[in-house]
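# Commentary on secondary and tertiary structure
What follows is each chain in one-letter form.
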Amino acid sequence: MSTVTTSIDSRGVVTLSLNRPEKHNALDGVMMGELTDALTKINSDPNARVVVLTGAGASFCAGGDIGHMRSMLNFSEQENVADALVLARLLRKLDELELPLIARVNGNAFGGGVGVVACADIAIGVESAKFALTEVRLGIVPAAISPYVVEAIGSRQARRLFLTAAPFTAAEAQTLGLLHFTASAEQLDQLINEQVDHLLRGGPQALRAAKQLVRRVAHFHDRDVLAEETARLLARLRVTPEGKEGLSAFLERRKSSWVPQT
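Please read these numbers as outputs of a predicted model, since none were measured by experiment.

### Here we look at the pairing of strand β4 (residues 101–105)
In terms of burial, β4 is largely enclosed, as five of its five residues are buried. The side-chain alternation of β4 yields two buried faces, one formed by L101, A103 and V105 and the other by I102 and R104. Note that strand β3 (residues 50–55) and β4 share three bridges and pair parallel. Across the sheet, the residue bridging to V52 is I102, located in β4. Strand direction decides the pairing type here: β4 and strand β6 (residues 122–126), joined by four bridges, are parallel. Bridge assignment links R104 to a residue of β6, and that residue is I124.

In structure tokens, the structure reads:
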């Protein structure tokens with residue numbers, strides 16, 4: 001079964017669904033590869049106009065897949081670099097998608113899932129959704145997603161959420177700038193369709209040019225270097241004693257060694 005499903009309607013609206021509902025759409029190597037491939041195909045599809053990215057089941061995206069992370073525990077730092085670059089390249093593909101991208105956040109988004117939301121041009125979430133950036137509790141940091149999350153919510157808020165790993169609500173996500181709009185579950189698709197309708201009123205080439213314009217004005221750093229550095233940072237921390245302890249504690253359902261015992 002495909003971990004990413006794709007459909008397109010008569011208007012050229014492409015719906016991409018993360019399709020691992022039993023794993024809360026957690027990102028593993030297969031899903032990241034399939035999503036990257038799907039985005040590449042969409043970019044070259046002359047019939048595609050707008051992309052809506054959502055999750056199957058109750059969650060949007062739970063972030064990194066625990067089974068995948070477990071498999072990396074005994075890998076070398078260089079092997080971890082290669083793995084981390086898969087996520088970094090996926091996020092860049094999302095961020096630089098030529099077509100307008102709407103995140104239909106139908107449920108919870110954690111870790112890498114927050115990064116996916118941050119890459120969207122428009123992000124709309126269900127009011128009941130919860131969010132968190134919990135990487136430091138695993139002894140690592142949200143490295144690959146950091147450029148996109150910091151851009152979405154600002155460095156001051158990113159400091160707080162990266163450091164505390166505190167959960168936050170959809171309403172808070174909207175205040176932070178991660179979400180543009182929130183809606184009840186019953187009204188979510190109506191709000192999505194309103195934004196799609198706005199986008200379909202724009203010229204296809206103008207929409208592409210508008211996205212490129214914002215990127216050109218806003219970014220002056222070397223994105224290749226940034227992707228490499230963040231991937232290496234995550235990989236380096238994964239193989240430290242603290243990184244291994246954090247993940248091991250999570251898998252064993254116990255507190256990490258640096259957590260005060262109560």
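### Quick word on the sheet that holds β6
Hydrogen bonds between backbone groups are what pair the strands of a sheet, and the pairing can be parallel or antiparallel. Read across the sheet, six strands follow the order β1-β2-β3-β4-β6-β9 without closing on themselves; strand pairing throughout is mixed. Two strands close off the open sheet at either side, each with one partner strand: β1 (4–8) and β9 (181–183). Strand-to-strand twist in this sheet, taken as the mean axis angle between neighbours without regard to direction, amounts to 20°. In this sheet, strand β2 (residues 13–18) lies alongside β1 in antiparallel orientation, the contact comprising five bridges. Bridge pairing links V4 to L18 in β2.

### Topic: the packing of aromatic side chains
A ring pair, where both rings are aromatic, is described by two values, the distance of the centres and the angle of the planes. As enumerated under the stated definition, the model contains one aromatic pair in all. Each ring, one from F131 and one from F168, has its centre 5.5 Å from the other, and the planes form 15°; the classification is stacked. Placement of F131 in strand β7 (residues 130–132) and of F168 in strand β8 (residues 168–169) is noted, with a sequence separation of 37 residues between them. What makes F131 buried here is its relative accessible area of 0%.

### What to know about the sheet that holds β7
Strand order across the open sheet formed by three strands is β5-β7-β8, with mixed pairing between neighbours. The open sheet has two edge strands with one neighbour each: β5 (109–110) and β8. Here β7 pairs with β8 via two bridges, running antiparallel. The residue of β8 that forms the bridge with K130 is T169.

### Quick word on unusual backbone geometry
Trans peptide bonds make up the majority, and among non-glycine residues the majority have a negative phi. Positive phi, normally seen in glycine, also occurs at N25, with a value near 55°. Taking the relative accessible area as the measure of exposure, N25 reaches 0% and is therefore buried. Notably, R253 is not glycine yet its phi reads approximately 55°, a positive angle. Along the chain, R253 falls in the segment after α11 (241–251).

### Things to note about helix α1 (residues 29–43)
Across its 15 residues, α1 extends 21 Å between first and last C-alpha, which sits within 8% of the 21 Å expected from 1.5 Å per residue. Regarding α1, the residues found buried are M31, M32, L35, T36, A38, L39, I42 and N43. An end-on view of α1 places all buried positions within 165° of arc, on one side of the element.

### Things to note about the packing of helix α3 (residues 77–95) against helix α4 (residues 112–119)
Interhelical geometry of α3 versus α4 gives an angle of 25° and a closest axis separation of 8 Å. Taken together, the axis directions place α3 and α4 in an arrangement best described as roughly parallel. In the packing of α3 onto α4, the handedness of the crossing is right-handed. Side by side, α3 and α4 meet where L91, L94 and D95 of the first sit next to G115, V116 and C119 of the second. A breakdown of the residues in the contact of α3 with α4 according to their chemical character gives four nonpolar, one polar and one charged.

Rules behind the numbers
Residues numbered from 1 in each chain as written. Predicted model: local features only at pLDDT ≥ 70, side-chain atom pairs only at ≥ 80, totals over all residues. Heavy atoms only, no water. Buried < 20%, exposed > 50% of the residue type's maximum accessible area, 1.4 Å probe, protein only. Helix = DSSP H or I, 4+ residues; strand = E, 2+ residues; numbered from the N terminus. Pairing = 2+ DSSP bridges. Axes fitted to C-alpha atoms, helices over the stretch in contact; angles between N-to-C directions. Phe/Tyr/Trp six-rings, centres within 6.5 Å; stacked < 30°, edge-to-face > 60°. Expected span 1.5 Å × (residues − 1). Arc of directions from axis to C-beta. Parallel < 35°, antiparallel > 145°, perpendicular 65-115°, else oblique. Left-handed = near helix turned anticlockwise from the far one by under 90°. Contact = heavy atoms within 4.5 Å. Nonpolar A, V, L, I, M, F, W, Y, C, P; charged D, E, K, R; others polar.

By themselves these figures say nothing about function.
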